[in-house]
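# Breakdown of the fold
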Amino acid sequence: MPELQARLVNCFATVFPALDENEIQLSSHTSVANWDSLATVTLVSVVEEEFGISIPAEDFEYMISFDLVLDVLKRRTGSGS
Amino acid sequence: MKLAEALRIVQQPTTADAEQTSVYLACGFMPLHLITFLEANLRQLLPHKAAKIETGIYGDLSGNLDRLNKGDASDLVVVFEWSDFDPRLGLRSLGGWGPESLPDIVSDVRSSTARFLELIQLAAKSRVVVVSLPTLPLPPISYQANEQASIWQLQVWDMIGGLAVELAGIANVRVLNRQQLDKASPLSERLDVKSDFTSGFPYSLKHASTLAQMLATLVRLPQPKKGLITDLDDTLWRGLVGEDGVEGISWGLDQQSQSNALYQQTLAALAASGALVGVASKNDHALVMSALGRDDLIIRRDDLFPIEVSWQPKSESVRRILAVWNVNADSIVFVDDSPHEVAEVKAAFPTMECLVFPAGDDQAAYEFLEKLRNLFAKDAMSAEDAIRQESIRRSSELHDAARHSAYSHDEFLQNLEAEITLTLTNEIVDARALELINKTNQFNLNGRRLTSAEFQTMLLRPNAFLLVTSYKDKYGPLGRIAVMLGTQNEQQVDVDVWVMSCRAFSRRIEHKILEYLFDKFGVSEINFAFESTERNSPLQEFFHSVAGQVPQQEFRIDRETFFSNKPALQQRVKELAYA
């Protein structure tokens, strides 16, 4: 697993401790019961802290699954392919 | 602490036997990560308790405080921000920053401060209340240059300052020290505008973490150290008295030894605040006594007791001082300029706080004094603080006198002219009772520590009583030295908490307390919620002497056994009150 993705998995594990690594990579706000707006805010804060970036508020609405959060992260860190 | 770390701490399960303790966090903004940081810090400070944070309704600080005052007695943390005093001082309101609004904002802040003062006064009657006044910069409401303090800003700050002064004067209220927060969290790094807009949480993570750490410390203040043992050469004074002579050692600006003078001044202040200050020095005894006799010494010679001067290892001197003070090593600070001596004492007493005095480095010495002061920090002074050093000295004299007396121990006690004052009540009279419960180790029924809210709750039980004992004899007063907390019915008394200061040992005060309890309540049995701890062997020995057995857990003493085993008791008893 690429380093960026592995670190993001760790961020998810901190916010959603009940999920294992596989579940995290398949997770979305519809599949995780406690993924509400407060969880999104917490997730954003943990990701910002981990990667030392600032995610603009307009990106929040797209961050509704692991894959989409990863996309936002790649854009904001300049790691996108 | 990072947010991810805080989340991991709060997610850890607590042990099954962890005692539940809740703290109510009242604020007008969305508390979000502040809850996480506060809970994580409390978990670290209270590893044996399951700390939970409760909050009220977002945006309604007054209402939350009002509801709390009608509810249970959880300890309370109030975090104010500007918008609590007037919504126009927050970034989520658009009520106007025009010049015409400014007098009205000031007026609103004035009425808000009066309302909050009233609510907190009420809350503090039954719980500890920790208060953080606004920590964020005021928004740009003034029409004047940023560099110019406007009269409106000054009036608002002045009112908040006035509120802080009023709050700090209320018993049970602890106001967060702005100066300390400024050092740890720069003003320009506190506000997170994006977070405020998107979630209503106005703090940067770093500021929230720092603030929560300070708030948690104020909720559960660490027990202050009880005593300090200091070296002399290049510590209490500059120079070596054996080399430089009594007049060659110095402390003061003129002799480039102001840090040593400030150290003396700090020790004098600690002694006046109830800390014990002793001396351990490798030196010539006569020279040291001569140096300590100099009339320009800043700390009073009488504030230093005992003074152990010898050529033996420092740890031996420290051991003798601990015996005289009758305290445990973990409640003591040892200070010496020599890292070697500090290491030697630390090896002998691993739980002791052993510090190197930074001789020759004035900046480091100043920071050292700040640290020292904090190690002895306490919430409030009590009358006992003023007499502690003196009573230890008298106690030592008493034991010396007993050893050298031609009388038996019974006759010796009879000649003490002892008077015990017993105050029986069901209300918290002042902070001294709780202070004793939370700092006493040796004569302690079960080692239980209580928050102010838990103390209050125990006293609200039906038939609860609080028995506070004071003592004096011809050697002087010891002040309030014992506290018992329990309930009583027709048949028996149940004792949940019983502590007595080690200064009061060997006077049969504990026997007199039980005699009083049997007689006052007319019961046939006293039930003790005893638990063995690492340190309560003095209490266990007492129980062995009056009950004929060392208890393993909760146990009873019946009237007949106690009265047949108790020794002769000569103290006069004075009863003060019964509520």
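Thresholds applied
Residues numbered from 1 in each chain as written. Chains lettered and ligands numbered in written order. Predicted model: local features only at pLDDT ≥ 70, side-chain atom pairs only at ≥ 80, totals over all residues. Heavy atoms only, no water. Helix = DSSP H or I, 4+ residues; strand = E, 2+ residues; numbered from the N terminus. Rg over C-alpha atoms; globule rule 2.2 N^0.38 Å. Contact = heavy atoms within 4.5 Å. Areas by Shrake-Rupley, 256 points an atom, 1.4 Å probe, with all protein chains shown as cover. Pairing = 2+ DSSP bridges. Axes fitted to C-alpha atoms, helices over the stretch in contact; angles between N-to-C directions. Salt bridge = Lys/Arg side-chain N within 4 Å of Asp/Glu carboxyl O. Buried < 20%, exposed > 50% of the residue type's maximum accessible area, 1.4 Å probe, protein only. Parallel < 35°, antiparallel > 145°, perpendicular 65-115°, else oblique. Left-handed = near helix turned anticlockwise from the far one by under 90°. Nonpolar A, V, L, I, M, F, W, Y, C, P; charged D, E, K, R; others polar. Expected span 1.5 Å × (residues − 1). Arc of directions from axis to C-beta. Buried area = accessible area lost by both parts, 1.4 Å probe. Phe/Tyr/Trp six-rings, centres within 6.5 Å; stacked < 30°, edge-to-face > 60°. pLDDT = per-residue confidence, 0-100. Polar contact = N/O pair within 3.5 Å; in protein donor to acceptor, adjacent residues only side chain to side chain.

Looking only at helices and strands, chain B has 22 helices and 18 strands in total. Its C-alpha atoms give chain B a radius of gyration of 27 Å, near enough to 25 Å, the size a compact globule of 579 residues would have. Its C-alpha atoms give chain B principal-axis dimensions of about 85 × 70 × 40 Å. Taking the intrachain contacts of chain B between residues at least 6 apart in sequence as the baseline, contacts between residues at least 24 apart amount to 73%. Entry remark: accessible area of chain B is about 25600 Å², with carbon and sulfur atoms responsible for 50%.

Residue and element names in this part refer to chain B. Sheet architecture is open: five strands sit in the order β8-β7-β6-β9-β10, paired in parallel fashion. Each having just a single partner strand, β8 (304-310) and β10 (353-356) make up the two edges of the open sheet. Looking at each pair of strands side by side, their axes are set apart by 20° on average, direction ignored. Pairing geometry for strand β9 (residues 332-336) and β10, over four bridges, is parallel. Paired with D336 across the two strands is V356, which belongs to β10. On top of the sheet, helix α11 (residues 258-272) reaches β6 (227-230), β7 (276-282) and β9; it is set at about 150° to β6, its chief contact. Each of β6, β7, β8 and β9 touches helix α13 (residues 314-325); the most contacted strand, β8, lies at about 150° to it.

Moving on to the pattern of salt bridges. Scanning the model with the defined rule gives 34 salt bridges over all chains in all. Salt-bridge contacts for E48(A) lead to K194(B); the nearest nitrogen and oxygen are separated by 2.4 Å. Here K194(B) lies in helix α8 (residues 193-199) and E48(A) lies in helix α3 (residues 37-51), a pairing that spans two chains. When its relative accessible area of 15% is taken as the criterion, E48(A) is described as buried. The partner of E39(B) in a salt bridge is K52(B), with the nearest N and O atoms 3.7 Å apart.

Residues and elements named next belong to chain B. For the pair helix α3 (residues 61-69) and helix α5 (residues 102-123), the least separation of the axes is 9 Å and the interaxial angle reads 25°. Regarding the angle of α3 to α5, the classification is roughly parallel. For α3 against α5, the interelement crossing comes out left-handed. Every residue of α5 that contacts α3 at L61, S62, L65, D66 and N69 is listed here: R115, F116, L119, I120, L122 and A123. For the contact of α3 with α5, the residue count by class is seven nonpolar, two polar and two charged.

Taking 1.5 Å per residue as the helical rise, helix α1 (residues 3-15) of chain A with its 13 residues ought to reach 18 Å, and the 19 Å between its terminal C-alpha atoms agrees with that figure. Restricting attention to buried positions, one finds in α1(A) the residues L4(A), Q5(A), L8(A), V9(A), C11(A), F12(A), T14(A) and V15(A). Buried-residue contacts for α1(A) involve α2 (21-26), α3 and α4 (66-77) of chain A together with α1 (3-11) of chain B.

We now examine α13(B). Residue and element names in this part refer to chain B. Under the 1.5 Å per step criterion, the end-to-end length of α13 is 17 Å for twelve residues, consistent within 8% with the ideal 16 Å. Residues of α13 that are buried include every one of K314, S315, S317, V318, I321, L322 and W325, and no others. Taken end-on, α13 shows its buried residues confined to a sector of 155°, consistent with a single buried face. Of the residues one or two after α13, N326 is the one with positive phi, at around 55°.

As a further point, take the interface of chain B and chain A. Taken together, the contacts link twelve residues of chain B with 15 residues of chain A. In this assembly, chain B packs against chain A so that about 1100 Å² is buried in total across both faces, 65% of it on carbon and sulfur atoms. Summed over the three residues of chain B that lose the most area to chain A, namely Q11(B), K194(B) and T198(B), the buried surface amounts to 37% of that side. Where chain B packs against chain A, one counts one salt bridge.

Moving on to the packing of aromatic side chains. All names here are of chain B. Scanning all chains against the criterion turns up 30 aromatic pairs over all chains. Between Y263 and F357, the ring centres sit 5.0 Å apart and the planes meet at 50°, which makes this aromatic pair tilted. Taken together, the residues Y263 in helix α11 and F357 in the loop between β10 and α15 (362-375) connect sequence positions 94 residues apart. Taken as a pair, Y263 and F357 share a single burial class, namely buried.

Okay, the confidence of the model for chain A next. Chain-level statistics for chain A give a pLDDT mean of 92 and a share of 98% at 70 or above. When mean pLDDT is taken per element in chain A, α1(A) scores highest with 95 and α4(A) scores lowest with 92.

Attention shifts here to the packing of helix α2 (residues 32-45) of chain B against helix α9 (residues 205-219) of chain B. All names here are of chain B. Remark: α2 packs on α9, axes separated minimally by 8 Å, with the N-to-C direction vectors making an angle of 45°. One way to sum up the angle between α2 and α9 is to call them oblique. Like other packed secondary-structure pairs, α2 and α9 cross with a definite hand, here right-handed. Seen from α2, the contacting residues are H33, L34, F37, L38, N41, L42 and L45; seen from α9, they are L205, A208, S209, L211, A212, Q213, L215, A216, T217 and V219. Residues belonging to the contact of α2 with α9 are distributed by class as follows: twelve nonpolar, five polar and no charged.

Now for the side chain of R127(B). All names here are of chain B. Here R127 shows up in the loop between α5 and β4 (129-132). Relative accessible area serves as the criterion here: at 2%, R127 is assigned to the buried category. Within the structure, R127 has its side chain in polar contact with the backbone oxygen of A123 (distance 2.9 Å).

Residue and element names in this part refer to chain B. On the basis of which strands lie adjacent, the open sheet formed by five strands has the order β2-β1-β3-β4-β5 and parallel pairing. Lying at the two open borders of the sheet, with one neighbouring strand each, are β2 (49-55) and β5 (173-175). Across the sheet, the axes of successive neighbouring strands diverge by a mean angle of 20°, strand direction being ignored. Bridge analysis of β4 against β5 gives three bridges, and the strand direction is parallel. In the strand pairing of β5, V131 is matched with V175.

Among the structural elements, E49(A) can be located in helix α3. Considering only alpha carbons, one finds E49(A) and A39(A), ten residues apart in sequence, at a separation of 15 Å. Setting aside chain neighbours within four positions, we find E49(A) in contact with K2(B), L3(B), A4(B) and L205(B).

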